[in-house]
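# Observations on the three-dimensional arrangement
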There are 2 protein chains.
Amino acid sequence: MRYAVLGTGEVGRTLAGRLVELGYDVTLGSRTKDNPVALEWATAAGGRAHAGAFADAAAAAEVVLNAVGGRVALDALRAAGAEHLAGKVVVDVCNPVSFEDGQLRLDPVESDSVAEQIQRAFPHARVVKTLNTVNCQVMVDPGRVPGEHNLFVCGADDAAKRQVTELLGEFGWPAERVLDLGGIRSARAVEMLLPLWFGLFQRFGHADFNFEVRRAR
Amino acid sequence: MRYAVLGTGEVGRTLAGRLVELGYDVTLGSRTKDNPVALEWATAAGGRAHAGAFADAAAAAEVVLNAVGGRVALDALRAAGAEHLAGKVVVDVCNPVSFEDGQLRLDPVESDSVAEQIQRAFPHARVVKTLNTVNCQVMVDPGRVPGEHNLFVCGADDAAKRQVTELLGEFGWPAERVLDLGGIRSARAVEMLLPLWFGLFQRFGHADFNFEVRRAR
């Protein structure tokens, strides 16, 4: 499987690095094809790692991971090109956060979500929202946090969600810990978890935590 | 300690019933003093249980629990009377939810919360947000759900939060499972958890679940 990871920030590099470790060909996509961070990452990560513009990365991939900031996700995916997303699984891990006076803000929120915006803008992409509820180190190494803590998947395409759940399994998340919340509208719920995540991050002073859904039966 | 529980719905009756079991004097408050549900509850719950209008309930109490729906909370508390809330701990357990076409909606959301609205409207009340992240049966009987799952407290008044944490201990929540998120603004984060709670409720088909925050250290 060939992956594109859009976004050269810590989230993108962490996901891309783990995919290379797993033996996949990965292109780390950025706005420009000569992004020095992406080129440096590709050089350090070895022969299966490549760098390229968003469109090059998406064109070369069978699965696209959106790891740019939520406020610029649509721009990045437009640059990647609808023709390079059509029919492909697009894993959206972003959150539409910004900070105002040190306070986390979300936009869109409640009446919409980034994942729905992406699915509307690219109706032929098979969008799956996941991983946005944990820090990127935990995304690819859930053993950093004790317990049977959970991830969520949201999306209209059940086969795409199964495929993403298998990938999460390779990251270390057993399938029984991946809770399917339903269609892409349910992405609102997981994006709205961010303020609580951030409040706990501030309280604990680190990001090695996650939520485990406990239930009676 | 004398408690007022505002709201005669399932949440209010469940909280009021548990408080009577714990040996407290409780007035179940409603819009009118002859609310048949409240009168029936008080008769069934025994000598420490009373029914009354919001203002009567709040006037008689040292601690007020707001268990009306989030969309009518301010109206109920205005009816209770600022003079009967001043200096008292007001425990806000409500969520500002409504349903449109079967979909849960929140208002206010993200830029405000019901708890902050209450604190602004009644600046002399000592507002503590808690319990709104679990079903009312779990509120008063956390053992319905396995594991060391958590509650949150939010509010400006540390002494009020300690007092509420002690009450939660009487409900069955050890203090180490009650996470203090900070000031009343942090109530936004716990009110915004509701869409995820509701998605899981739909998935599981029951409400005996809760979130356990797992962390590395």
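The structure presented is a predicted model; accordingly, all values stated were derived computationally and were not measured. (Residues numbered from 1 in each chain as written. Chains lettered and ligands numbered in written order. Predicted model: local features only at pLDDT ≥ 70, side-chain atom pairs only at ≥ 80, totals over all residues. Heavy atoms only, no water.)

## So, the overall build of chain A
Our working rule: Where helices and strands are cited, they refer to DSSP runs of H or I of at least four residues and of E of at least two residues respectively, numbered from the N terminus. Computation of the radius of gyration draws on C-alpha atoms, with the globule rule given as 2.2 Å multiplied by the number of residues to the power 0.38. Any residue under 20% of the maximum accessible area for its type is buried, any over 50% is exposed, and the rest in between are partly exposed; the area is computed with a 1.4 Å probe on protein chains only. The contact definition used throughout considers only heavy atoms, calling two residues in contact when any of these lie within 4.5 Å. Note on areas: these come from Shrake-Rupley sampling with a 1.4 Å probe, and a residue is covered only by the protein chains present in the view. Charged-residue counts in this description rest on Lys and Arg as positive and Asp and Glu as negative, His and the chain ends being excluded. One atom stands in for each charge, and that atom is NZ of Lys, CZ of Arg, CG of Asp or CD of Glu.
Summing up its helical and strand segments, chain A has 10 helices and 11 strands in all. Rg of the C-alpha trace for chain A: 16 Å, near the compact-globule value of 17 Å for 217 residues, within the 12% margin. Counting only C-alpha atoms, chain A reaches 45 × 40 × 35 Å along its principal axes. By residue count, 60% of the 217 residues in chain A fall in the buried class. Counting only contacts in chain A whose residues sit at least 6 apart along the sequence, the fraction spanning at least 24 positions is 70%. Surface accessibility of chain A: about 8,300 Å² in total, with carbon and sulfur atoms responsible for 48%. In chain A, the 23 positive side-chain charges and the 27 negative ones have mean positions that sit 3 Å from each other.

## A short note on the relation of the copies chain B and chain A
Rules: To superpose the copies, least squares is applied to the C-alpha atoms of every residue with a pLDDT of at least 70 in both.
Rotating chain B by 180° about the axis while translating it 0.0 Å along that axis superimposes it on chain A, leaving an RMSD of 0.0 Å. Here the symmetry operator amounts to a two-fold rotation axis. Residue Glu 212 of chain B, judged by its C-alpha, is the member of chain B lying nearest the rotation axis, at 2.5 Å. By residue overlap, the copies meet face to face through one surface: 100% of the interface positions of chain B are interface positions in chain A.

## Some thoughts on the interface of chain B and chain A
Stated precisely, the cut-off is as follows: The term buried area refers to how much accessible surface (probe radius 1.4 Å) is lost by two components on association, counted for both of them together. Put simply, a salt bridge is a Lys or Arg side-chain nitrogen that is within 4 Å of an Asp or Glu carboxyl oxygen.
With 38 residues of chain B in contact, the opposing surface of chain A contributes 39 residues. Counting each side, the surface lost to burial between chain B and chain A is near 3,500 Å², with a carbon and sulfur contribution of 59%. Ranking the residues of chain B by area buried against chain A places Glu 110, Leu 196 and Arg 214 of chain B at the top, with a combined share of 19%. Here Arg 105 of chain A and Glu 110 of chain B are joined by a salt bridge, their closest N and O atoms 2.9 Å apart.

## Quick word on the pattern of salt bridges
Following the criterion strictly, the structure yields 38 salt bridges over all chains and no others. For Glu 21 of chain A, the salt bridge is made with Arg 18 of chain A, and the minimal N-O distance between the two is 3.0 Å. Here the residue Glu 21 of chain A and the residue Arg 18 of chain A both occupy positions in helix H1 (residues 10-21), the gap between them amounting to three residues, near one helical turn. Two residues, Asp 158 of chain B and Lys 161 of chain B, come together in a salt bridge whose shortest N-O distance is 3.7 Å. One end of the pair, Asp 158 of chain B, and the other, Lys 161 of chain B, are both in helix H7 (residues 158-171), three residues apart, so they sit about a helical turn from each other. A relative accessible area of 45% means that Asp 158 of chain B is categorised as partly exposed. Given a relative accessible area of 4%, Lys 161 of chain B falls into the buried group. Connected through shared salt-bridge partners, Glu 212 and Arg 214 of chain A together with Glu 212 and Arg 214 of chain B make up one network.

## Section: the environment of Leu 85 of chain B
Residue and element names in this part refer to chain B. Checked against the element boundaries, Leu 85 lands in the loop between helix H4 (73-80) and strand E5 (89-92). Residue class for Leu 85 comes out buried when judged on its relative accessible area of 1%. Setting aside residues up to four positions removed in sequence, Leu 85 forms contacts with Ala 58, Val 64, Leu 77, Ala 80, Val 90, Phe 122, His 124 and Ala 125.

## Regarding helix H5 (residues 114-121) of chain B
The set of residues buried in H5 of chain B consists of Val 114, Ala 115, Glu 116, Ile 118 and Gln 119 of chain B. Those residues of H5 of chain B that are buried lie in contact with strand E4 (63-66), H4, E5, strand E8 (126-129) and helix H8 (187-191) of chain B.

## Observations concerning H1 of chain A
Put simply, the rule reads: By definition here, a helix of n residues has an expected span of 1.5 Å times n minus one.
For H1 of chain A, spanning 12 residues, the distance from its first C-alpha to its last is 16 Å, which sits close to the expected 16 Å at 1.5 Å a residue. Those residues of H1 of chain A that fall on the buried side of the exposure criterion are Gly 12, Thr 14, Leu 15, Ala 16, Gly 17, Arg 18, Leu 19 and Val 20 of chain A.

## Quick notes on the nonpolar core
The line we're drawing: Buried Ala, Val, Leu, Ile, Met, Phe, Trp, Tyr and Cys residues form a nonpolar core when they are joined through side-chain atoms within 4.5 Å.
Residues Leu 196 and Leu 200 of chain A together with Leu 196 and Leu 200 of chain B are the most contacted members of the largest nonpolar core, which totals 89 residues. If sequence neighbours within four positions are ignored, Leu 200 of chain A has contacts with Gly 205, Phe 209 and Phe 211 of chain A together with Phe 152, Leu 179, Leu 181 and Val 213 of chain B.

## Quick word on the pairing of strand E4 (residues 63-66) of chain A
All names here are of chain A. Definition in use: The criterion for strand pairing is that DSSP finds at least two bridges linking the strands in question.
Both faces of E4 are covered, namely the face carrying Val 63 and Leu 65 and the face carrying Val 64 and Asn 66. Bridge count between E4 and strand E5 (residues 89-92): four bridges; the pairing is parallel. Directly across from Asn 66, in E5, lies its bridge partner Asp 92.

## Regarding the packing of aromatic side chains
The line we're drawing: Pairs were defined over the aromatic rings of Phe, Tyr and Trp, the Trp ring being its six-membered one, requiring ring centres within 6.5 Å. Orientation was assigned from the angle between planes: stacked under 30 degrees, edge-to-face over 60, tilted for the rest.
In this structure the tally under the stated criterion is 13 aromatic pairs over all chains. Between Tyr 3 of chain B and Tyr 24 of chain B the ring centres are 5.0 Å apart and the planes differ by 70°, which places this aromatic pair in the edge-to-face class. Remark: Tyr 24 of chain B occurs in the loop between helix H1 (10-21) and strand E2 (25-30) and Tyr 3 of chain B occurs in strand E1 (residues 2-6); sequence separation between them is 21 residues. Here the two residues Tyr 3 of chain B and Tyr 24 of chain B agree in accessibility, since each one is buried. Cluster of aromatic residues (ring-pair linked, three or more members): Phe 99, Trp 197, Phe 198, Phe 201, Phe 204 and Phe 209 of chain A.

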